[in-house]
Structure formats: structure tokens, C-alpha cells
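One letter stands for each residue in the lines below.
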Amino acid sequence: GQQLNQSPQSMFIQEGEDVSMNCTSSSIFNTWLWYKQDPGEGPVLLIALYKAGELTSNGRLTAQFGITRKDSFLNISASIPSDVGIYFCAVGGRSNFGNEKLTFGTGTRLTIIP
Amino acid sequence: NAGVTQTPKFRILKIGQSMTLQCTQDMNHNYMYWYRQDPGMGLKLIYYSVGAGITDKGEVPNGYNVSRSTTEDFPLRLELAAPSQTSVYFCASSEQSKRAFFGQGTRLTVV
């Protein structure tokens, strides 16, 4: 099936540092999404990307849809304690019904060291 | 704003017992999904539905069943619980696959 590879698997940073993570696939996708999961909660959508090469920001977060449509990255600038959590990429893949279903990556766990 | 509501939040089952995890959404979304998340891992798709009466298997459907008799509800059934089904289960819905909204999860332990 479709496989998304996220890296790094985990990150330990100090408050104020910038963060960069990425997501790659062997297949082409037309939709790339980034979600964040806080401890004990369900994932929440951060940024959605629909066009190859698109660069989109949401506050301190910036994400890009790779030009090959096989990758995406997410950057977080000037990290703060509430950035702690697991970040997932997701893609809209073709289902058996001819429309799209979401596939998630394995996640990047972000921890901020005091 | 209810969004996606899952019940129960926590459950302990004995091996071989059955149960139904409930999921309901009030956003009139056609797409609904069930995922499981094992400790420290990502989300794996169990089943999904693109509308009432239409469901399909995801990556890890074995041991589960679903039904979608209404747009709002998408219950997940475990017939014979096994320890391997200990996990956190998330239900999600979307108008299309692009913006899925998640419930808060059901933490299931099978002992």
C-alpha cells in the first residue's frame, strides 16, 4: 500500500529553536496535509497543500508541497512549549471508489527540553 | 460545536469479548474513517466510508467490522477481542478527504 516516510522520528530541542521535518513518498499525491496531535487528543489539521511547489504559512508554521509531488516539509520557527506533540503528514490517495482517502505518516515526536 | 464524538473514552475488555465503539458527527460529512494508534506509532486506517451504505477496508481491517446506515454514525465492531487490539482508536470525518476532523479517541485495553 501507500507508504509515507517521516523524518526525523523524534526531535529534542530547546525552546526558541527552529524545527524542520519532512515527509516523502514513492508515489505522487495531489494533496499533502500536516496534522498535530497533542497528548491524549486526536490530530488537528495545521496546514493543507494542494498545488506542487506551494508554500503556505500558518503563524510560525510553514509547509511546502514538493515540486515532484512526492514530498513535503514542515518548519516551525522559534519553538514554544505548546509546540510539543506529534506531527503527522498525510496524503490524499485514491480509494477503491475512485475518490480520495487519507493515509498518514508515522509521525515526528517533538519534545522541548527545558 | 460537537464535531466528531466518540464513546466510550476508555474501555477494558477481556479476551474474546465483543464491543462496539461509537462515532457520530454532526457536520454532515460523507467521509468517515476509523484509525488505530499503537503506543508511539502513527495512525493506521482500519475501515473507511464514503457515504451511507458504502464502506471499504483500510490497511488493518482484520478483527473489525463496520456499518454505515446513516450519514452521522459510523460504529466499529470488535467481535472477539484480542490483546493485539489494545490501542487508541480514532474516528474522523471529512467533507472530502482533504480536511479530516478527529474525535478525541477511545482507549481500549484487552486483557
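Residues numbered from 1 in each chain as written. Chains lettered and ligands numbered in written order. Predicted model: local features only at pLDDT ≥ 70, side-chain atom pairs only at ≥ 80, totals over all residues. Heavy atoms only, no water.

Visitor: Explain the overall build of chain A residue by residue, including any values.
Guide: From N to C terminus, chain A includes zero helices and eleven strands. Written out in order from the N terminus, the α and β elements of chain A read β-β-β-β-β-β-β-β-β-β-β. A compact globule built from 114 residues should have a C-alpha radius of gyration of about 13 Å, and chain A, at 14 Å, falls within 12% of that. Across its three principal axes, chain A shows a C-alpha extent of roughly 45 × 30 × 20 Å. Within chain A, the proportion of its 114 residues that are buried is 45%. Partitioning the contacts of chain A with sequence separation of at least 6, the portion at a separation of at least 24 is 52%. Within the structure as shown, chain A displays about 5400 Å² of accessible surface, and the carbon and sulfur contribution to it stands at 50%. When the 8 basic and 9 acidic side-chain charges of chain A are each reduced to a single mean position, those positions are 12 Å apart. (Helix = DSSP H or I, 4+ residues; strand = E, 2+ residues; numbered from the N terminus. Rg over C-alpha atoms; globule rule 2.2 N^0.38 Å. Buried < 20%, exposed > 50% of the residue type's maximum accessible area, 1.4 Å probe, protein only. Contact = heavy atoms within 4.5 Å. Areas by Shrake-Rupley, 256 points an atom, 1.4 Å probe, with all protein chains shown as cover. Lys, Arg positive; Asp, Glu negative; His and termini not counted. Charge placed at Lys NZ, Arg CZ, Asp CG, Glu CD.)

Visitor: Quick one: what's the story with the state of the cysteines, residue by residue and with numbers?
Guide: Residue and element names in this part refer to chain A. Counted according to the given criterion, the structure contains two disulfides over all chains. Through a disulfide, Cys23 is tied to Cys89; the S-S separation comes to 1.9 Å. Negative torsions about the S-S bond denote left-handed disulfides, and the value of about 50° found for Cys23 with Cys89 makes this one right-handed. Highlighted residues: Cys23 in strand E3 (residues 19–25) and Cys89 in strand E9 (residues 85–94), separated in sequence by 66 residues. (Disulfide = S-S within 2.5 Å.)

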